[in-house]
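Residue-level listing of the chains:
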Amino acid sequence: MTRIISPSILSADFGHLYDTVQTLNASRAEWIHFDVMDGVFVPNISFGFPVLKAVRKATDKLLDVHLMIVEPHRYVSRFAEAGADLITVHAEAEKELAATLRLIRSCGVRAGVSISPATPVETIEQVLPLADLVLVMSVEPGFGGQSFIPGSLDKIRRLRRQIDSLGLKCLIETDGGISAANIREVFDAGCDVAVAGSAVFSADPISEIEKLLNA
Ligand code: DX5
Ligand code: ZN
């Protein structure tokens, strides 16, 4: 069973980003989650290529780039060049989802597809064979620090059954409102990768990551 923690640096102190990444390098978090927001797909704006390049230089961890932007196919190759190892696009943000997942893979990086809380699992069934990861949003995308939506657990269970019955290797990631209080339920539902922002950065990241892994 895979149980990976992907700390979201959206909740980090950007005045000390390099030091934060060094701290994560010393932690048992295997991935680093990088939230890109365009102010159109979500009502918030975060960071983009220059910051990703700086994080890339500072770490060998897997860089898990979550694009909350409209028509992400326009920027996939630039995020790959900037150092992403995995690029996840939202099903709601892209008309030609299958083509975009193929495009991501053609850039030599892993391809992920995400669904927001109101989007049913059926929306992405067809593209599962083209995806290396499915990201189930357990809050409305746009902001850290929100509460986990309990209905997300059923979506994870359902996806787990589908992925296993089709014999696919696709990982399931869950993002939003995850803490030591609920991470066990999330993993038990069939999630492989848990994103955590405020839970990791509200205190000492190394010990908070330990708490998440030992919960
Ligand atoms: C929300 C982002 C999340 C967010 C998670 O749109 O995709 O990655 O940073 O933060 P927490 O763990 O605080 O909900
Ligand atoms: Zn995210």
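To keep things clear, this report deals only with the structure shown in the data block. Keep in mind that this is a model prediction, so the values were computed, not measured.

Calculation notes
Residues numbered from 1 in each chain as written. Chains lettered and ligands numbered in written order. Predicted model: local features only at pLDDT ≥ 70, side-chain atom pairs only at ≥ 80, totals over all residues. Heavy atoms only, no water. Helix = DSSP H or I, 4+ residues; strand = E, 2+ residues; numbered from the N terminus. Rg over C-alpha atoms; globule rule 2.2 N^0.38 Å. Contact = heavy atoms within 4.5 Å. Areas by Shrake-Rupley, 256 points an atom, 1.4 Å probe, with all protein chains shown as cover. Lys, Arg positive; Asp, Glu negative; His and termini not counted. Charge placed at Lys NZ, Arg CZ, Asp CG, Glu CD. Salt bridge = Lys/Arg side-chain N within 4 Å of Asp/Glu carboxyl O. Buried < 20%, exposed > 50% of the residue type's maximum accessible area, 1.4 Å probe, protein only.

1. A short note on the overall build of the chain
Of the regular secondary structure elements, the chain holds eight helices and eight strands. In terms of overall dimensions, the chain is globule-like: its C-alpha atoms have a radius of gyration of 16 Å, near the 17 Å expected for 215 residues. With the principal axes as the frame, the chain shows a C-alpha extent of 40 × 35 × 30 Å. In the chain, the share of contacts with a sequence separation of at least 24, taken over all contacts with a separation of at least 6, comes to 64%. As displayed, the chain offers around 9300 Å² of accessible surface, 51% of which is attributable to carbon and sulfur atoms. Positive and negative charge centroids in the chain, built from 20 and 27 side chains respectively, lie 4 Å apart.

2. Description of the pattern of salt bridges
Close approach of charged atoms allows side chains with opposite charge to pair. Summed over the entire model, instances satisfying the criterion amount to eleven salt bridges. Put simply, aspartate 192 and arginine 160 hold a salt bridge, and the shortest N to O gap is 3.1 Å. Placement of the pair is aspartate 192 in the loop between helix H6 (183-188) and strand E8 (193-196) and arginine 160 in helix H5 (residues 152-165), with a sequence separation of 32 residues. Overall, aspartate 192 belongs to the buried group, its relative accessible area being 7%. The shortest N-O distance in the salt bridge between arginine 184 and aspartate 188 comes to 3.7 Å. With arginine 184 and aspartate 188 both in helix H6 and four residues apart, this pair spans about one turn of that helix. By relative accessible area, which is 52% here, arginine 184 ends up exposed.

Everything listed here is a matter of geometry and, on its own, says nothing about what the molecule does.
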